[in-house]
Amino acid sequence: MENEEGRKEPKVSGNCRSAAMLLPLLLGLLEASGVLGGCVEVASGTEAVLGAPFRLLCIACKRRSETPAEAESEWFFRPEGAPHFQKILHYSPEEGEWVAPGPFLGVISWNGSRGTRDLQDLSVWLAEVKHAHAGQYVCRLKRNLTFEGYTYSLARNQTLKLAVVEKARRDLASIVSEILMYVLIVVLTLWLAAEMLYCYRKVAAAAPPPDSASEYLAITSESKENCGGVQAAE
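Residues numbered from 1 in each chain as written. Predicted model: local features only at pLDDT ≥ 70, side-chain atom pairs only at ≥ 80, totals over all residues. Heavy atoms only, no water.

(A) Molecular detail of the overall build of the protein. A count of helices and strands for the protein gives three helices and nine strands. Helices (α) and strands (β) of the protein occur, in sequence order from the N terminus, as α-β-β-β-β-β-β-β-β-β-α-α. Nonlocal contacts in the protein, meaning residues at least 24 apart in sequence, comprise 59% of its contacts between residues at least 6 apart. As presented, the protein carries roughly 16100 Å² of accessible surface, and 58% of it is formed by carbon and sulfur atoms. (Helix = DSSP H or I, 4+ residues; strand = E, 2+ residues; numbered from the N terminus. Contact = heavy atoms within 4.5 Å. Areas by Shrake-Rupley, 256 points an atom, 1.4 Å probe, with all protein chains shown as cover.)

(B) Here's a closer look at the layout of surface pockets. Of the voids in this model, the largest pocket is the one considered here, and its volume is about 210 Å³. Contributions of two or more residues to the lining of the largest pocket are made by β3 (69-79), β8 (135-147) and β9 (150-165). Residue classes in the lining of the largest pocket are distributed as four nonpolar, three polar and seven charged. (1 Å grid on protein atoms, 1.4 Å probe; cavity = no way out; pocket = protein on both sides within 12 Å on 5 of 7 lines; lining within 4 Å. Points joined across faces, edges and corners; volume = space filled by probe spheres on them. Nonpolar A, V, L, I, M, F, W, Y, C, P; charged D, E, K, R; others polar.)

(C) Structural view of the side chain of R143. You can see R143 is positioned in strand β8. Here R143 falls in the buried class, since its relative accessible area comes to 4%. Side-chain polar atoms of R143 contact the backbone oxygen of A60, separated by 3.1 Å. From its side chain, R143 meets the backbone oxygen of L119 in a polar contact 2.7 Å long. Aside from chain neighbours lying at most four places away, what touches R143 is A60, C61, K62, A69, E70, A71, D118, L119, Q120, Y152, S153 and L154. (Buried < 20%, exposed > 50% of the residue type's maximum accessible area, 1.4 Å probe, protein only. Polar contact = N/O pair within 3.5 Å; in protein donor to acceptor, adjacent residues only side chain to side chain.)

(D) Region of interest: the confidence of the model for the protein. Looking at the protein as a whole, the pLDDT averages 79, with 70% of positions reaching at least 70. Segment residues 33-37: pLDDT under 50, and zero contacts once partners within four positions in sequence are set aside and those in other chains are kept. Low pLDDT (under 50) marks residues 227-234, which in the prediction has zero contacts with non-local residues, meaning those over four places away or in another chain. (pLDDT = per-residue confidence, 0-100.)

(E) Structural detail: the pairing of strand β5 (residues 96-99). When strand β4 (residues 86-92) meets β5, the two strands line up antiparallel, connected through four bridges. Bridge pairing in β5 places Y91 opposite E97. (Pairing = 2+ DSSP bridges.)

(F) A look at the pattern of salt bridges. Applying the stated criterion across every chain, the model contains nine salt bridges. One salt bridge in this structure joins R117 and E94, with 2.6 Å as the shortest N-O distance. With R117 in the loop between β6 (108-110) and β7 (124-126) and E94 in the loop between β4 and β5, this pair connects stretches of sequence that are 23 residues apart. The class of E94 is exposed, set by a relative accessible area of 61%. (Salt bridge = Lys/Arg side-chain N within 4 Å of Asp/Glu carboxyl O.)

(G) Here's a closer look at the packing of aromatic side chains. Here the structure, examined in full by the defined rule, presents five aromatic pairs. Considering the side-chain rings of F77 and F104, the 4.9 Å spacing of their centres and the 70° angle between planes classify their relative orientation as edge-to-face. Here F77, found in strand β3, pairs with F104, found in the loop between β5 and β6; they are 27 residues apart in sequence, far enough to count as distant. The same class applies to F77 as to F104, namely buried. Seen from their ring centres, F147 and Y150 are 5.3 Å apart, and the 20° between their planes marks the pair as stacked. Since its relative accessible area comes to 48%, Y150 is described here as partly exposed. (Phe/Tyr/Trp six-rings, centres within 6.5 Å; stacked < 30°, edge-to-face > 60°.)

(H) Looking closely at the sheet that holds β3. The sheet built from six strands is open, its strands ordered β1-β9-β8-β3-β4-β5 with mixed pairing. Two strands lie at the open edges of the sheet, namely β1 (47-49) and β5, each paired on one side alone. On average, adjacent strands in this sheet sit at an angle of 25° to one another, irrespective of strand direction. (Axes fitted to C-alpha atoms, helices over the stretch in contact; angles between N-to-C directions.)

Structure, rendered in structure tokens:
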């Protein structure tokens, strides 16, 4: 391909284009852990360490974000071997937080959405986990959706079972996935660096050197024409 001056421009290979296209993908992988763009329903952990704090995660996303809504949340607990659930916490944007007397008083606290009448994060925080906190939990959402002319009420429950252990244990699947993620990032980084270096060398080698001889002849011819013009004027 020639430009306006008649010089040939170096061609860019398909490998170089692929490397340029994969650069945003690599940056996306590096920043994947910090992406929090929208509401995502994530399952809560099921093992808490004795004496350590723990967050009971409960996410209830609203399907249509543009619909006005009001919500409140209730938490229920059933100890291991007990036949019935008991209410341990209630939270509403208007009244705030209420904790039932018992083993959770002074331990459990609201750790979900604040500053909004619609609750999507219904999580709670256990300041210090004890053996008495092992059992089944139910996170209940009560939401009122406001449409044109009427209000639609719905209730939703999420159940999770919490085990109390002496020492933290990591899930094998999470360990393997984390290792594979870092290996993929390293491999892509090395491949991208090698590909960019290859493309740089190829472009540099294909670039035409400055035509010094042509520039010198052009300057000489111009000087002769100027000298001839001066002599004719004399």
